[in-house]
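# Inside the fold
Here is how the chains run, residue by residue.
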Amino acid sequence: MIDDLPYRQVGEPVPGRIVCVADHASNFVPEDVPLGVPAHLLDTHIAVDLGVEGVADRLARRHAMPAHIACISRLVCDLHRREDEDAVVPFSSDGHTIPGNIGADVEKRLERYHRPYHNALAAWLDAAQPELIVALHSFTPSLETSDEERPWEVALLYNQDDRAARHAIRLFGEEGLNVGDNEPYSGKQLNASMDRHAEAHGRPYLTIEIRQDLLATEADQARWAALIHDIANRTALALKSA
C-alpha cells in the first residue's frame, strides 16, 4: 500500500475519455492482518486476479487510459463485493479456509480498505465523467473445487446495462477469440463495483475477464493491454454512433 491507501491511481483522467478500474489487482496483505493461510496461496487466484495489475499499468502508462488500481488482496477485503455481503471478508475461497477472517472485525476492514477505495473511486469518476469505464479482472482456467471447463479466453460481464458489452463481445470475437457472455461468472450476481459506479450513474462500462494463463508474462500483458485499448476505443465510438 502507498501512503497506507488501499488503491493507487496511475495517469490523469481526461474528462469524457476512457478510464480503467482494477479491484483485484494486488495480493498484498498488511503485516497486522494475519490471514493464517500458507504463503504460496497468496500467489494464486484466490488472493489476486493474476496478470491484471500489469495490464492496468500498461493501459495507464502506455495507452493513456488512466487506472484506479487496488493495493490489497481480496482476501483482506474484497473490494468487488458490497459492504453487506459475507464475502466482503471471505471465510474461504476455492476450498481453502481463511482462518484469520473467521471472527474478524469486518467493520474495521470496511473502514480501513473498502470505504476509502470506493470513496476515492467515486470522486475520481465524478471528476472524469468518462465515456467508458473498463473494469479489469482475470479468471483461473480451472477451480480446485470444480471440474467445470472454462474454455473462454476472454469474457464480458454485465448486469442490466449491456450496451458496451454487446459491442465488445462482437469485437473480441472478430479477433478469433473464444468470448464468454457473462461467463465464467454472471454480472447479474457479481457486479458490485460497476453496479455502484457505472450502472447507478448511467455510465457505459466493460467488465473484462481474461483467462489467467493468457496473462502469464509481461509480453502477454502488453499484448492484452494493446488489444483492450483498441477494443475499448472502438466500443466507445460505436456507442457514440448508436
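Read on for a plain summary of the structure. Here the structure is a predicted model, which means the values were calculated and not measured.

## Concerning the sheet that holds strand β3 (residues 67-70)
Strand pairing in a sheet takes place through backbone hydrogen bonds and is either antiparallel or parallel in direction. Taken together, seven strands build an open sheet; the order of strands is β1-β3-β2-β6-β9-β7-β8 and the sheet is mixed. The strands lining the two open edges of the sheet, one partner per strand, are β1 (7-10) and β8 (179-181). Sheet twist, expressed as the mean angle between neighbouring strand axes with direction ignored, is 20 degrees. Two strands pair when backbone bridges link them, and strand β6 (residues 132-139) and strand β9 (residues 205-211) are joined in this way by seven bridges, in the parallel orientation. What sits directly across from Ser138, in β9, is Ile210. Against the sheet, helix α2 (residues 106-128) touches β1, β2 (18-22), β3 and β6, its axis set at about 175 degrees to β2. With respect to the sheet, helix α5 (residues 218-241) is in contact with β2, β6, β7 (154-157) and β9, its orientation differing from that of β6 by roughly 140 degrees.

## Considerations on the state of the cysteines
Tallied over the full model, the rule gives zero disulfides. Cysteine Cys71 is unpaired, with the sulfur of Cys20 as its nearest cysteine sulfur at 13 Å. Left unpaired, Cys77 is separated from the closest cysteine sulfur, that of Cys71, by 13 Å.

## What about the packing of helix α1 (residues 52-62) against α5?
A packed helix pair is summarised by two numbers, namely the angle formed by the two axes and the spacing between the axes. Taken N-terminus to C-terminus, the directions of α1 and α5 make an angle of 55 degrees; their axes are 8 Å apart at the nearest point. The pairing of α1 with α5 is recorded here as oblique in orientation. Relative to α5, the crossing made by α1 is right-handed. Where α1 approaches α5, its residues Gly54, Val55, Arg58 and Leu59 are matched on the opposing element by Glu218, Gln221, Ala222, Trp224, Ala225, Ile228 and His229. Classifying every residue of the contact of α1 with α5 by side-chain character gives six nonpolar, three polar and two charged.

Calculation rules
- Residues numbered from 1 in each chain as written.
- Predicted model: local features only at pLDDT ≥ 70, side-chain atom pairs only at ≥ 80, totals over all residues.
- Heavy atoms only, no water.
- Pairing = 2+ DSSP bridges.
- Helix = DSSP H or I, 4+ residues; strand = E, 2+ residues; numbered from the N terminus.
- Axes fitted to C-alpha atoms, helices over the stretch in contact; angles between N-to-C directions.
- Contact = heavy atoms within 4.5 Å.
- Disulfide = S-S within 2.5 Å.
- Parallel < 35°, antiparallel > 145°, perpendicular 65-115°, else oblique.
- Left-handed = near helix turned anticlockwise from the far one by under 90°.
- Nonpolar A, V, L, I, M, F, W, Y, C, P; charged D, E, K, R; others polar.

Distances and angles like these do not, on their own, reveal function.
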